[in-house]
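Notes for the structure review
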Amino acid sequence: MLDFVVIFTKGGVVLWNSQTSGINFSSCINSLIRGVILEDRNTESKYFEEDHLAVQFKLDNELDLVYAAVFQKVIKLNYLDAFLADMQFAFKEKFGSIPALERLGSEYDFDGEFRSVLSAAEEASSKQVKAPKAMRSYNESQKSKKTVASMIQDDKKPVEKRVNIQESPTQSKSQPSSPPLTKQDIIQENRRKLREKLTPTKKAADTKSSAKQGASEKAGKKPRVWDLGGNSKDAVLLDRSKDSPEDVQYQSISNELVGTMQGVIPDLDVESEDDVDSEEASSEEDNVSSQSPALKKSKRGGGLVSYFRGIVGGKIMSLADLQPALEKMRDHLISKNVASEIAVKLCDSVATSLEGKQVGTFDSVASLVKEALTQSLVRILSPKRRIDIIRDALESKRSGKPYTIIFCGVNGVGKSTNLAKICFWLIENDFNVLIAACDTFRAGAVEQLRTHTRHLNALHPPTNHNNRTMVQLYEKGYGKDAAGIAMEAIKFAHETKVDVVLVDTAGRMQDNEPLMRSLSKLIKVNNPDLVLFVGEALVGNEAVDQLVKFNQSLADYSSNENPHIIDGIVLTKFDTIDDKVGAAISMTYITGQPIVFVGTGQTYADLKAINVNAVVNSLMK
Ligand code: GDP
């Protein structure tokens with residue numbers, strides 16, 4: 001059954017192997033080393049596939065070894081976890097005290113132990129097979145996806161209970177195969193899966209946010225003033241839905257912003273250790289002053305790392321020792337709005353880094369936990385596709401066509417405001433911009449953009465830019481076809497050599513089919529360089545639902561073979577969420593789309609780039 005079993009160092013030096021077939025497994029193992037072990041990617045799942053082969057593996061962090069079993073992927077082997085653990089135990093018993101490299105010249109005589117461990121595992125598994133549990137039905141097995149699903153609301157489906165999502169890949173593949181599907185069935189099935197993937201756990205929170213959404217729909221759009229949004233004077237002033245005498249005052253305040261946004265977007269601020277220190281100092285008599293801020297915080301009783309306090313003391317950490325702390329850590333992450341499946345994955349990666357390590361002090365556990373979290377979040381938040389607007393806009397300029405960005409999202413999330421901030425950043429980098437007013441629904445939408453245009457031009461007058469007008473508004477009033485206006489605007493920009501076109505669109509609910517169809521059409525006929533989804537961090541997992549459904553609709557309603565879906569995310573109102581940063585992680589994890597901009601307030605300069613360390617620090621609190 002097992003074609004190849006191998007023990008090798010994380011660097012790829014094979015210490016021992018056993019082969020039962022003539023196939024060459026080196027390519028598969030090399031891919032595992034290159035693609036997973038060295039990149040430290042996906043090591044939580046401990047499963048890897050290449051062509052027709054599957055590899056189940058186990059890491060030994062203490063000795064830096066990998067135990068791997070290779071088999072045909074169509075075969076389901078339920079004893080591999082136990083077998084690899086037993087093999088690791090037997091190998092360590094025999095050779096563990098001698099570092100791998102010291103023994104490289106000598107033989108690792110492990111065949112006897114391997115045979116007895118394997119036959120014990122096979123025997124134990126065959127006993128289990130004699131008294132099998134009733135096979136799960138297809139529907140039951142879908143519950144394993146429920147935790148991601150728990151984020152999204154689906155009124156038509158009853159809410160299912162959460163089940164263990166740590167099921168290994170081999171187990172999860174053991175569903176009975178379905179009859180052949182037609183193309184329509186596949187589409188339906190994919191849509192159902194997508195819906196299921198994104199159904200709510202936090203019913204209450206979702207209901208609240210839907211109610212909030214519904215209310216704002218009915219009442220029409222109202223400007224908001226955010227308590228935590230910093231200077232309330234600025235809040236009023238940057239609300240451009242109505243023109244007011246404060247305009248003049250606003251300009252004098254904002255003049256200070258000119259020149260602050262040149263070059264790449266600044267990163268989100270990371271809370272400095274000094275901040276935490278001073279917080280600590282004032283809050284208690286400090287008997288741990290020599291320790292790290294995260295540690296100090298946890299000594300006070302708070303902080304994610306404090307859950308690991310019970311497992312220090314010089315011993316080698318096993319999964320069983322870590323389990324209670326990991327469960328608390330998972331709940332902590334969920335409380336920060338991280339979707340539960342992602343919270344489990346983050347815990348798994350921490351477990352992988354800690355398991356088998358001998359850790360002496362609480363301080364070292366704290367830094368290991370932080371390091372593991374950071375590594376996982378870097379993987380999640382690192383964009384699969386690099387979006388470099390300045391570079392691409394320059395490229396378009398060279399080829400004589402305007403660079404076009406379309407903004408979409410539901411009502412009131414900050415599309416127009418953040419479009420204006422992005423416009424400010426572009427102007428600061430010497431691009432001139434045409435704003436296309438394609439929200440032809442909402443009263444005041446065009447006036448709001450007109451006011452932004454006037455203010456932006458006041459901040460960056462033509463005299464400072466070789467007599468170029470840095471921002472113009474292309475508008476055709478209300479009730480007209482948005483796709484047509486965008487097309488005319490792009491044509492106008494082309495003819496008049498404008499560098500960038502920013503297309504504002506009407507807010508729409510993700511479930512509104514006619515409006516989603518018209519957005520899909522607008523994108524299809526105008527073929528923009530970038531489609532940005534604007535979502536507010538404030539509504540947490542509701543924003544994930546919106547993003548997923550926008551993507552789905554753009555894919556469904558476009559008749560293109562390769563529909564243009566969302567390219568990136570503008571995550572707004574980040575200043576209002578305190579440390580509940582989970583939506584940022586969930587959105588990128590679930591859709592793979594990068595967060596290109598983070599809106600952090602209500603001035604033109606409140607635009608930032610995502611910073612993994614800032615996110616990790618918020619999660620650790
Ligand atoms: P739209 O309907 O999506 O175009 O939303 P608007 O751009 O009109 O913004 C709605 C409200 O959100 C306005 O009051 C903005 O000032 C506010 N807003 C937008 N972005 C941010 C942000 O990053 N932080 C805060 N605190 N408020 C914001």
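Residues numbered from 1 in each chain as written. Predicted model: local features only at pLDDT ≥ 70, side-chain atom pairs only at ≥ 80, totals over all residues. Heavy atoms only, no water.

So, on to the overall build of the protein chain. A count of helical and extended segments in the protein chain gives 24 helices and 13 strands. Residue pairs at least 24 apart in sequence account for 74% of intrachain contacts in the protein chain once pairs closer than 6 positions are excluded. About 28,300 Å² of surface is accessible on the protein chain, with carbon and sulfur atoms providing 52% of the total. (Helix = DSSP H or I, 4+ residues; strand = E, 2+ residues; numbered from the N terminus. Contact = heavy atoms within 4.5 Å. Areas by Shrake-Rupley, 256 points an atom, 1.4 Å probe, with all protein chains shown as cover.)

With that out of the way, let us pick up helix α20 (residues 482-495). Given 3.6 residues per helical turn, the α-helix brings residues three or four places apart onto the same face. The end-to-end C-alpha separation of α20 is 20 Å, in line with the 20 Å expected for 14 residues at 1.5 Å each. Along α20, the residues that are buried comprise Ala-482, Ala-483, Ile-485, Ala-486, Ala-489, Ile-490 and Ala-493. For α20, the arc enclosing every buried residue in end-on projection is 160°, short of the 170-degree limit, so these residues lie on one face. Across from the buried face of α20, at angles greater than 90 degrees, the exposed residues are Lys-491 and Glu-495. Close packing links the buried residues of α20 with β6 (403-408), β7 (433-438), β8 (471-474), β9 (500-505) and α21 (513-526). (Expected span 1.5 Å × (residues − 1). Buried < 20%, exposed > 50% of the residue type's maximum accessible area, 1.4 Å probe, protein only. Arc of directions from axis to C-beta.)

In this section: the packing of α20 against α21. At their nearest, the axes of α20 and α21 sit 9 Å apart, and the two run at 25° to each other. As the angle between them shows, α20 and α21 are arranged roughly parallel. Considering only the axes of α20 and α21, their crossing is right-handed. Residues Ala-482, Ala-483, Ala-486, Met-487 and Ile-490 of α20 pack against Lys-521, Leu-522, Val-525 and Asn-526 of α21. Looking at the contact of α20 with α21 residue by residue, the class counts come to seven nonpolar, one polar and one charged. (Axes fitted to C-alpha atoms, helices over the stretch in contact; angles between N-to-C directions. Parallel < 35°, antiparallel > 145°, perpendicular 65-115°, else oblique. Left-handed = near helix turned anticlockwise from the far one by under 90°. Nonpolar A, V, L, I, M, F, W, Y, C, P; charged D, E, K, R; others polar.)

Here we take up the nonpolar core. Core analysis: the largest hydrophobic core is formed by 124 residues, its most contacted members being Phe-308, Ile-389, Trp-425 and Phe-597. Each residue touching Phe-308, except ones within four places of it in the same chain, is listed here: Leu-322, Ala-325, Leu-326, Met-329, Val-350, Leu-354, Phe-362, Val-365 and Val-369. (Core = buried A, V, L, I, M, F, W, Y, C linked by side-chain atoms within 4.5 Å.)

If you trace the backbone, Asp-267 turns up in the loop between α11 (246-254) and α12 (273-283). Residue classification places Asp-267 among the partly exposed positions, given a relative accessible area of 43%. Counting along the chain gives 330 residues from Asp-267 to Phe-597, while the straight-line C-alpha distance between them is 9.5 Å. Once you skip the residues sitting within four places of it in the chain, Asp-267 turns out to touch Lys-608, Ala-609, Ile-610 and Asn-611.

A full pass over the atoms with the stated rule returns 20 salt bridges. For Glu-355, the salt bridge is made with Lys-58, and the minimal N-O distance between the two is 3.4 Å. Remark: Lys-58 occurs in strand β4 (residues 53-60) and Glu-355 occurs in the loop between α15 (340-354) and α16 (362-381); sequence separation between them is 297 residues. Of the two residues examined, Glu-355 and Lys-58, each falls in the buried class. Three or more residues are tied together by salt bridges with common partners; here these are Lys-397, Asp-430, Arg-468 and Asp-499. (Salt bridge = Lys/Arg side-chain N within 4 Å of Asp/Glu carboxyl O.)

The next thing to look at is the pairing of strand β3 (residues 47-50). The pairing of β3 with β4 spans four bridges and is classified as antiparallel. By the bridge assignment for β4, Glu-49 is matched with Ala-54. Counted between consecutive antiparallel strands, the loop separating β3 from β4 contains two residues, among which Asp-51 sits at a positive phi close to 50°. (Pairing = 2+ DSSP bridges.)

Looking now at the packing of α15 against α16. Between α15 and α16, whose axes approach to 9 Å, the crossing angle comes to 130°. For the element pair α15 / α16, the angle class is oblique. Taken as a pair, α15 and α16 cross one another with a handedness that is right-handed. Taking contact as the criterion, the partners of Ile-342, Leu-346, Ser-349, Val-350, Ser-353 and Leu-354 in α15 are, on α16, Leu-368, Val-369, Ala-372, Leu-373, Ser-376, Leu-377, Arg-379 and Ile-380. Tallied by class, residues from the contact of α15 with α16 come to 10 nonpolar, three polar and one charged.

Before going further, it helps to spend a moment on the sheet that holds strand β11 (residues 568-572). Taken together, the eight strands give an open sheet; going across it, the order is β8-β7-β9-β6-β10-β11-β12-β13, and neighbouring strands pair in mixed fashion. At either margin of the open sheet sits one strand with a lone partner, and together these are β8 and β13 (607-608). Here β7 runs beside β9; their pairing, made up of six bridges, is parallel. Looking at the pairing, Val-433 lines up with Val-500 of β9.

The next point concerns unusual backbone geometry. Both trends apply: most residues other than glycine have a negative phi, and most peptide bonds are in trans. In this structure, Asn-467 is a non-glycine residue whose phi angle is positive, near 65°. Structurally, the position occupied by Asn-467 is in the loop between α19 (445-459) and β8. Exposure remark for Asn-467: the relative accessible area of 62% places this residue in the exposed category. A positive phi angle, close to 60°, is found at Lys-497, a residue other than glycine. Of note, Lys-497 is situated in the loop between α20 and β9.

One pair of aromatic rings is described through two measures. These are the centre distance and the angle between the planes. Taken as a whole, this structure holds 13 aromatic pairs when the rule is applied. With 4.9 Å between their ring centres and 55° between their planes, Phe-91 and Phe-95 make a pair best called tilted. Of this pair, Phe-91 and Phe-95 both sit in helix α2 (residues 80-95), four residues apart, which is roughly one turn of the helix. You'll find Phe-91 and Phe-95 in the same group, each marked buried. Where Phe-424 meets Tyr-604, the ring centres are 5.7 Å apart and the plane angle is 25°; that geometry is what we call stacked. Of this pair, Phe-424 sits in helix α18 (residues 415-428) while Tyr-604 sits in the loop between β12 (595-599) and β13, and the two are 180 residues apart along the sequence. Owing to a relative accessible area of 0%, Phe-424 belongs among the buried residues under this scheme. The class for Tyr-604 is buried, based on a relative accessible area of 0%. (Phe/Tyr/Trp six-rings, centres within 6.5 Å; stacked < 30°, edge-to-face > 60°.)

The topology assignment puts Ser-553 in helix α22 (residues 541-557). Discounting chain neighbours no more than four positions away, the residues touching Ser-553 are Gln-510, Met-516 and Ser-558.

Okay, the sheet that holds strand β2 (residues 14-19) next. The antiparallel open sheet is built from five strands, whose spatial order is β2-β1-β5-β4-β3. Strands at the two margins of the open sheet, each flanked by one partner only, are β2 and β3. The sheet shows a mean angle of 20° between the axes of neighbouring strands, taken without regard to direction. Judged from the six bridges that link them, strand β1 (residues 4-9) and strand β5 (residues 65-72) form a sheet pairing that is antiparallel. Paired with Val-5 across the two strands is Ala-69, which belongs to β5.

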